[in-house]
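Overview (structure and organization)
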Amino acid sequence: MSRPPSLRRRLFAAGAAIVLLSVGVTFAVGLVLTRRSVQSATLDDLAHQADLLAERERTALLPFAHLGRLKPFLAKQDERIELVSVKGPSPYLPESARGVIAAGGKAQGEVTVGGQKFLFAARLVAGKGFVLLRPAHLKLSAWWKFAQALLIAVLVGAALAGFAAFLSARAIVRPLRRVVEASRHLAEGRLPEPIPAEGSAEIVALAESFNEMAQQLQRAREAERVFLLSVSHELKTPLTAIRGYAEGLTEGAVPIAEAAATIRREAGRLERLVRDLLDLARLNQSEFTVHSGPIDLAEVGREAVSRYEAEARVAQVALEAVGERATAFGDHDRALQVVSNLVENALRSTPPGGRVTVHAAPGLIAVEDTGLGLPEQDLPRAFERFFLYSRIKEGRRLGSGLGLAIVKQLTEAMGGSVEVTSREGAGTTFVVRLPLAAEPPPRVGERDADAARTGRLAG
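Residues numbered from 1 in each chain as written. Predicted model: local features only at pLDDT ≥ 70, side-chain atom pairs only at ≥ 80, totals over all residues. Heavy atoms only, no water.

**Quick look at the pattern of salt bridges**
Tallied over the entire structure, the rule returns 12 salt bridges. Note that Glu 82 and Arg 80 form a salt bridge whose closest N and O atoms lie 3.9 Å from each other. The class for Arg 80 is partly exposed, based on a relative accessible area of 33%. The closest approach of N and O atoms between Glu 344 and Arg 348, which form a salt bridge, is 2.6 Å. (Salt bridge = Lys/Arg side-chain N within 4 Å of Asp/Glu carboxyl O. Buried < 20%, exposed > 50% of the residue type's maximum accessible area, 1.4 Å probe, protein only.)

Next up, the structure:
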């Protein structure tokens, strides 16, 4: 199947057709107008010549005596002279012109004699009508030079119009080609350069619409990528706990009932994550749901410690949970995700022989380690995706770079806040604050005031 002609070719062909049609009509009209102009000029010339001859005859001693000598010269110009009576009709002089001549005036125009059209110029000389005749049809040589000039002008105009049509077609097609190329880049997963908003209003609107669509698509792809990374990170946590307790069962290091309960609990959380993924896919969203209610942060801390006991033993790091009942308002599973991410991050940062402690109090849970610590200048950006990951120093085990970003996102989704204090070489403490169980989740503007009332937990 042959490809259809390009838009540029179609525009140029349409422009060329319009130009040719316009040129043809212009040339035809120009020929008619040129012929009329030449004929009018010829009649004026005949009138001037008649004036000269009539004046010569008026001043002659014997009017019309020398007309015979003039006739051969006039014949070479297809002209002839007729003398007519102004008192009666004459085939060489129309009736209206005869009255003008009889009154001593001048008359010129067109007359038909013997079926042939003539141009005439009539004057009154010695009481007679002096009529100079010339055939009305023009010889080609008489007007061809005018037509030739007109043809040259038309061809030059056609060339300029064709060139203008070419430039116009290119100006219209160029931004469309940019859109096509940018669309191909988008289809290949690459973000194209912004299309310049130039040209007509419609082309500018098209460029702006495409640029906006490209930016929205890029944001959607980035959100999808980050979401998939977050999901992968969160799926790994319960799988790690299940694997640890399975290995503990194999080695006989943990009671069967405890291992079974932990594996069942973590499998349930995996089931919830998968269910969330299915719901999000159906709703075309990229965020986890949060179902808040009264929870016990001390229990959350103990579960998180239980998850990572096996990993802590391998890393030779002491891991414990401290605190009795600590009520708060939040989502138990999401709070467990938050604390688990903080514990995992602390274990990576703590060298062998160190300690990680999970403190729980009403509306507050903190994860403290005796690890390498963070530089002060890094603290304001600690919860940005991949920021600390890109600044990992020797002695830290690699993670995904998303754990702390997920902590912040889930904590804020439950109406809480998270903060970090650290000193290089002296360890790090992450403090998560959630609304108290008797309080509704605070609005965003109230969180700073609540943090100030609660105070800071350190050490």
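**Some words on the nonpolar core**
With 40 residues, the main nonpolar core has Leu 297, Val 339, Leu 342, Val 343 and Val 367 as its most contacted residues. Secondary structure elements with two or more residues in this core: helix H7 (297-315), helix H8 (332-349), strand E8 (355-361), strand E9 (364-369), helix H10 (403-413), strand E10 (417-423) and strand E11 (427-433). The residues contacting Leu 342, other than those within four sequence positions of it, are Val 367, Leu 404, Val 407, Phe 430 and Val 432. Core analysis: the second largest hydrophobic core is formed by 17 residues, Leu 119, Ala 121, Phe 130 and Leu 132 among them. (Core = buried A, V, L, I, M, F, W, Y, C linked by side-chain atoms within 4.5 Å. Helix = DSSP H or I, 4+ residues; strand = E, 2+ residues; numbered from the N terminus. Contact = heavy atoms within 4.5 Å.)

**Digging into the packing of aromatic side chains**
By the definition in use, this model includes one aromatic pair. In this structure, Arg 80 packs its charged tip against the face of Phe 118, placed 5.2 Å from the ring centre. (Phe/Tyr/Trp six-rings, centres within 6.5 Å; stacked < 30°, edge-to-face > 60°. Lys NZ or Arg CZ within 6 Å of the ring centre and 35° of its normal.)

**Digging into the side chain of Thr 411**
By the secondary structure assignment, Thr 411 is in helix H10. Ignoring anything within four residues of it in the chain, the contact list for Thr 411 reads Val 338, Gly 416, Ser 417, Val 418, Val 432, Arg 433 and Leu 434.

**Observations regarding the sheet that holds strand E4 (residues 128-135)**
Backbone hydrogen bonds are what pair the strands of a sheet, in a parallel or an antiparallel way. Taken in spatial order, the four strands of this open sheet run E1-E4-E3-E2, and their pairing is antiparallel. Each having just a single partner strand, strand E1 (80-85) and strand E2 (107-113) make up the two edges of the open sheet. Averaged over all adjacent pairs, the angle separating strand axes in this sheet is 35°, with direction ignored. In this sheet, E4 lies alongside E1 in antiparallel orientation, the contact comprising six bridges. Within the sheet, the bridge partner assigned to Arg 80 lies in E4 and is Leu 133. (Pairing = 2+ DSSP bridges. Axes fitted to C-alpha atoms, helices over the stretch in contact; angles between N-to-C directions.)

**So, the sheet that holds E10**
Here we have five strands laid out as an open sheet, ordered E6-E8-E9-E11-E10, and mixed in their pairing. Of all strands in the sheet, those with a lone pairing partner are strand E6 (318-322) and E10, marking the two edges. Neighbouring strand axes in the sheet, compared pairwise and without regard to direction, differ in orientation by 10° on average. One ladder, built from six bridges, connects E8 with E9; its direction is antiparallel.

**What about the pairing of E2?**
Every second residue of E2 is oriented toward a common face, the buried set being Ala 107, Gly 109, Val 111 and Val 113 and the non-buried set Gln 108, Glu 110 and Thr 112. Judged from the seven bridges that link them, E2 and strand E3 (residues 116-125) form a sheet pairing that is antiparallel. Bridge pairing in E3 links Glu 110 to Leu 119.

**What about a nonpolar patch on the surface?**
A grouping of Leu 21, Val 25, Val 29 and Leu 33 is seen on the molecular surface, where their side chains present a nonpolar patch of about 370 Å² in accessible area. The exposure class of Leu 21 is exposed, given its relative accessible area of 58%. (Patch = residues over 30% accessible without salt bridge, like charges linked within 9 Å, V, L, I, M, F, W, Y side chains within 5 Å. Areas by Shrake-Rupley, 256 points an atom, 1.4 Å probe, with all protein chains shown as cover.)

**Considering unusual backbone geometry**
With a phi close to 55°, Ala 126 is a non-glycine residue in the positive phi region. One can find Ala 126 in the loop between E3 and E4. In the Ramachandran plot, Gln 316 falls in the positive-phi region, its phi being about 60° despite a non-glycine side chain. By the element assignment, Gln 316 lies in the loop between H7 and E6.

**Regarding the environment of Ile 406**
Mapping Ile 406 onto the fold places it in helix H10. We classify Ile 406 as buried; its relative accessible area is 5%. Between the alpha carbons of Ile 406 and Gln 337 there is a distance of 8.7 Å; along the sequence they are 69 residues apart.

**Brief notes about helix H3 (residues 95-102)**
Within the span of H3, buried status applies to Ala 97, Arg 98 and Ile 101. All buried residues of H3 fall inside an arc of 105° around its axis, so they share one side. Every exposed residue of H3 that faces more than 90 degrees away from the buried side is listed here: Glu 95 and Ser 96. Looking at the buried side of H3, the elements it contacts are E1, E2, E3 and E4. Gly 104, located one to two residues past H3, shows a positive phi value of around 90°. (Arc of directions from axis to C-beta.)

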